[in-house]
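Given next are the chains, with one letter for each unit.
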2 protein chains.
Amino acid sequence: MEQVSINRSHGGVQGVYSHASFATGTQMTFSVFVPDHPEGARLPVVWYLSGLTCTHANVTEKAEFRAACVDLGLIFVAPDTSPRGTGVPDDSEGAYDFGLGAGFYVDATEEPFAGTYRMWSYVTRELPDLIAANFPADPGRQSIIGHSMGGHGALTIGLTYPDRYKAVSAFSPIVAPSQVPWGRKALAGYLGTDEAAWRAHDAVSLIEDGARVPALLIDQGASDQFLTEQLRPELIEQAAHDAGIDLTLNMREGYDHSYFFISTFMGEQLRWHAARLAP
Amino acid sequence: MEQVSINRSHGGVQGVYSHASFATGTQMTFSVFVPDHPEGARLPVVWYLSGLTCTHANVTEKAEFRAACVDLGLIFVAPDTSPRGTGVPDDSEGAYDFGLGAGFYVDATEEPFAGTYRMWSYVTRELPDLIAANFPADPGRQSIIGHSMGGHGALTIGLTYPDRYKAVSAFSPIVAPSQVPWGRKALAGYLGTDEAAWRAHDAVSLIEDGARVPALLIDQGASDQFLTEQLRPELIEQAAHDAGIDLTLNMREGYDHSYFFISTFMGEQLRWHAARLAP
């Protein structure tokens, strides 16, 4: 693991790191914020999965999470959204919603993506081990947040590993990729056209198939340009209701899909996480 | 004035605007954040001048000012750092510290810069009029902050118009451009080699020549890579002491020159401003 940059901020250390990933076979970059802490302490870890076109940098620069992480004693980890580099295949037409910057947090089974687009393994297995080995992290206290495509990742990962992630929340998530254009394109491209294989990567399908978490928190901008076609929070509202999952869905009047929205409610989401990460 | 973008954030509206400037003869872009406020209210205005290489965008995306501005009821205005566009001359070698992105908040008298590099007039006359005419601003309650080159701008403008700017502060400012490489290059390039003309654009010289403000606040990272060669806060510490100006100089251990530093102490600086902007 190589240190790309280190900046003191808000009473902690914001780092960016790079490493050769065995999951993706590429060099991967991620950011980690560690609040100042007593020597020997182990802090809970909040994972943040980013949306389409983003790298670790967008959330690291714009999301205003550091003050709350220092107050609450939380490590904050932000991975990239896809493998990158020479030889990594992209969307055949270079579209923003598939390929580079659009890994959708799955392990691709379709060629030419199967060898490198392994973001599920990267985010749920390889990177947690790296974080546990190199930072003052408590692997017994982890939680997960995501935005948009990353909200999809946070929900599907959180629903799959409810014992590991003590809190699961999202900003403007894609809740039912099987039912919306972004998701159908991505799941078909990475997993093939047999939709049965998509259910493990669709939060609404996972809930329908029996996955459970005690609670979910979603903040959604009411003026989000992607609300009605791509995000459709009413689908997870219905699924959570039917399954008896305690979903808090905050529709935020006037807010859009941007980090101007995320930064506004980041502190609230982190406080919700911290309450569930208490020892 | 044309609206480039509008995003709701933190209980206010973050806008970016563009207009044909008569001061620079170019199209200029700036950002304004306006907290929600009662109809008809007029809010105090905090000006923020950015540093080398920056546009309005760096501070707007990274400086974490919006939550504090909403709490305190402050409008926050961020201009660009130079004229831009076809025909605007740049540093002859394209250096980052002169020309585009490096206007140093002076009205250039040297060719080929004299026609367009008029950032003093732009920031102190044209843009305040535009803000007063188009936003719920109280022109009787203004204050000014800047970073690095923009700290130089904030200090020189604040010292020149002490009645207009009720509070003057800076992050990592260039306090004595006449005495450091960045400043000597810029002042010679824009104002010519007669150093007498530089004194009106050097905070330490202005204080030596009798300019006064009741108080100054400076936050400076102790690990700032530019500290000893370009910034030299001890020079304004001495000048303020000799002049009886109440300077608070906070040396911040471990912090550097970046927005990771600025965002950490922005709330504190804005509270200091708000106390001085109270009706």
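Keep in mind it's a predicted model, so treat the numbers as computed, not measured.

(A) Main features of the sheet that holds strand β7 (residues 165-171) of chain A. Sheet architecture is open: nine strands sit in the order β1-β2-β3-β5-β4-β6-β7-β8-β9 (chain A), paired in mixed fashion. Each end of this open sheet is capped by a strand with a single partner; those strands are β1 (2-9) and β9 (246-252) of chain A. Strand-to-strand twist of the sheet, defined as the mean angle between neighbouring strand axes without regard to direction, takes the value 20°. Along the sheet, helix α4 (residues 149-160) of chain A contacts β4 (43-49), β6 (137-147), β7 and β8 (215-221) of chain A; its crossing angle with β6 of chain A, the most-contacted strand, is approximately 140°. On top of the sheet, helix α9 (residues 259-277) of chain B reaches β1 and β2 (12-20) of chain A; it is set at about 25° to β1 of chain A, its chief contact.

(B) Looking closely at the interface of chain A and chain B. With 21 residues of chain A at the contact, the number on the chain B side is 21 residues. Overall, the association of chain A and chain B removes approximately 1,800 Å² of surface from exposure, summing both partners, and the carbon and sulfur fraction of that is 48%. If you sort the residues of chain A by the area they bury against chain B, Arg8, Glu64 and Phe260 of chain A come out on top, with a joint share of 37%. The interface formed by chain A and chain B includes two salt bridges. Two residues, Glu64 of chain B and Arg66 of chain A, come together in a salt bridge whose shortest N-O distance is 3.9 Å. Elements with a contribution of two residues or more to the side of chain A that touches chain B: β1, α1 (56-62) and α9 (259-277) of chain A.

(C) Spotlight on the pattern of salt bridges. Within this structure, the stated rule accounts for 24 salt bridges over all chains. Across the pair Lys185 of chain A and Asp91 of chain A runs a salt bridge, and its minimum N-O distance is 3.2 Å. Here Lys185 of chain A, found in helix α5 (residues 181-191), pairs with Asp91 of chain A, found in the loop between β5 (75-79) and α3 (119-134); they are 94 residues apart in sequence, far enough to count as distant. A salt bridge links Asp138 of chain B to Arg141 of chain B, with the shortest nitrogen-to-oxygen separation between them at 2.9 Å. One salt-bridge network, in which partners are shared between bridges, spans Asp91, Asp97 and Lys185 of chain A.

How each quantity is defined
- Residues numbered from 1 in each chain as written.
- Chains lettered and ligands numbered in written order.
- Predicted model: local features only at pLDDT ≥ 70, side-chain atom pairs only at ≥ 80, totals over all residues.
- Heavy atoms only, no water.
- Pairing = 2+ DSSP bridges.
- Helix = DSSP H or I, 4+ residues; strand = E, 2+ residues; numbered from the N terminus.
- Axes fitted to C-alpha atoms, helices over the stretch in contact; angles between N-to-C directions.
- Contact = heavy atoms within 4.5 Å.
- Buried area = accessible area lost by both parts, 1.4 Å probe.
- Salt bridge = Lys/Arg side-chain N within 4 Å of Asp/Glu carboxyl O.

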